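Read off the chains here:
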Amino acid sequence: MDVLSSRILLRPTDPARTRAFYGGVLGLAVYREFGPPEHPGVVYFLGGVLLEVSGQAEEAPRGLALWLQVRDVAAEESRLAVAGVPILRAAREEPWGLVEAWIEDPDGVRIVLVEVPADHPLRLDRR
């Protein structure tokens, strides 16, 4: 398989609320918008992947989690807490050496905010 592009498709129960969360609260940059103005789809940049929020689901997504590497987990955790985002688990260093904090989107999709410390093997392995 020769994958040329990829994106995560997210069908929220309340599209406007979810767009407000990803675009407004998290502050993800918009790659493109499409569809009718009353029911737009939005594709956000998510590092090396795209996140498309479009359509509407009857039930919240299950079994989906997003892993977002950020430069400073503590700063993002503080910023999001001030914005009213519940922090499910405060930032801490994991046994594998990454610093992680957990939040969730309005439908309960788990979002793991990850900081890779300067001395972590992920930064040092130049393969």
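Above this text is the structure in question.
The structure displayed is predicted, hence computed values, not measured ones.

### Here we look at the overall build of the protein
Line of reasoning, step 1. The number of helices and strands found in the protein is 3 helices and 8 strands.
Line of reasoning, step 2. Taken along the three principal axes of its C-alpha coordinates, the protein extends 45 × 40 × 25 Å.
Line of reasoning, step 3. The buried share of the protein, taken over its 127 residues, is 35%.
Line of reasoning, step 4. Partitioning the intrachain contacts of the protein with sequence separation of at least 6 by distance along the chain shows that 50% fall at a separation of at least 24.

### Let's talk about helix H2 (residues 73-82)
Line of reasoning, step 1. Residues Val73, Glu77 and Leu80 constitute the buried set of H2. Viewed along the axis of H2, the buried residues span an arc of 70°, placing them on a single side of the element.
Line of reasoning, step 2. Against helix H1 (15-25), strand E6 (89-93), strand E7 (99-104) and strand E8 (110-115) lie the buried residues of H2.
Line of reasoning, step 3. Two or three places before Ala74, at the start of H2, stands the capping residue Asp72, its side-chain oxygen 3.1 Å from that residue's backbone nitrogen.

### Things to note about the sheet that holds strand E1 (residues 7-10)
Line of reasoning, step 1. In spatial order, the strands read E1-E4-E3-E2; together these 4 strands make up an open sheet with mixed pairing. Because the sheet does not close on itself, it has two edges, and the strands there are E1 and strand E2 (30-34). If you compare each strand with its neighbour and ignore which way they point, the axes differ by 20° on average.
Line of reasoning, step 2. Alignment of E1 against strand E4 (residues 49-53), held across 4 bridges, turns out to be parallel. Paired with Leu9 across the bridge in E4 is Glu52.

### Regarding the sheet that holds E6
Line of reasoning, step 1. In spatial order, the strands read E5-E8-E7-E6; together these 4 strands make up an open sheet with mixed pairing. Pairing within the sheet leaves two strands with one partner each, and these edge strands are strand E5 (65-69) and E6. Across the sheet, the axes of successive neighbouring strands diverge by a mean angle of 20°, strand direction being ignored.
Line of reasoning, step 2. Strand direction decides the pairing type here: E7 and E8, joined by 6 bridges, are antiparallel. Each residue of the ladder has a partner; that of Ile103, found in E8, is Ile111.
Line of reasoning, step 3. Strand contacts of H2: E6, E7 and E8, with the helix running at about 140° to E8, the strand carrying the most contacts.

### Examining the pattern of salt bridges
Line of reasoning, step 1. Taken as a whole and assessed by the stated rule, the structure comprises 6 salt bridges.
Line of reasoning, step 2. The partner of Asp107 in a salt bridge is Arg17, and the shortest N-O contact between them spans 3.2 Å. Taken together, the positions of Asp107 in the loop between E7 and E8 and Arg17 in helix H1 put the pair 90 residues apart, joining distant regions of the chain.
Line of reasoning, step 3. Close ionic contact of Arg79 with Glu76 constitutes a salt bridge, the shortest N to O distance being 3.0 Å. Here Glu76 and Arg79 lie together in helix H2, a separation of 3 residues that amounts to about one turn.
Line of reasoning, step 4. Given a relative accessible area of 35%, Arg79 falls into the partly exposed group.
Line of reasoning, step 5. For Glu76, a relative accessible area of 25% corresponds to the partly exposed category.
Line of reasoning, step 6. Salt bridges sharing common partners tie together Arg7, Arg11 and Glu52.

How each quantity is defined
Sequence positions are assigned chain by chain, starting from 1 and proceeding in written order. Given that the model is predicted, a residue must reach a pLDDT of at least 70 before its local features are reported, and side-chain atom pairs must reach 80 or more before they are shown or counted; all residues, however, enter totals for whole chains, interfaces and linings. To obtain the side-chain values, all non-hydrogen atoms of the structure were used and water was disregarded. Secondary structure is summarised from DSSP: a helix means a run of H or I of at least four residues, a strand means a run of E of at least two, and numbering begins at the N terminus for each. When accessible area is computed with a 1.4 Å probe and restricted to protein chains, residues below 20% of their type maximum are described as buried, those above 50% as exposed, and intermediate ones as partly exposed. Residue contacts are counted whenever heavy atoms from the two residues lie within 4.5 Å of one another. Regarding the arc, it is the one traced by the directions from the helix axis to the C-beta atoms. Side-chain atoms alone can form a polar contact between residues adjacent in sequence; in general such a contact is a pair of N or O atoms within 3.5 Å, and within protein one must be able to donate a hydrogen while the other accepts it. A pair of strands is considered paired only if DSSP assigns at least 2 bridges between the two. Only the stretch in contact is used when fitting a helix axis, every axis being a line fitted to C-alpha atoms; angles between N-to-C directions are given from 0 to 180 degrees. Criterion for a salt bridge: a side-chain nitrogen of Lys or Arg within 4 Å of a carboxyl oxygen of Asp or Glu.

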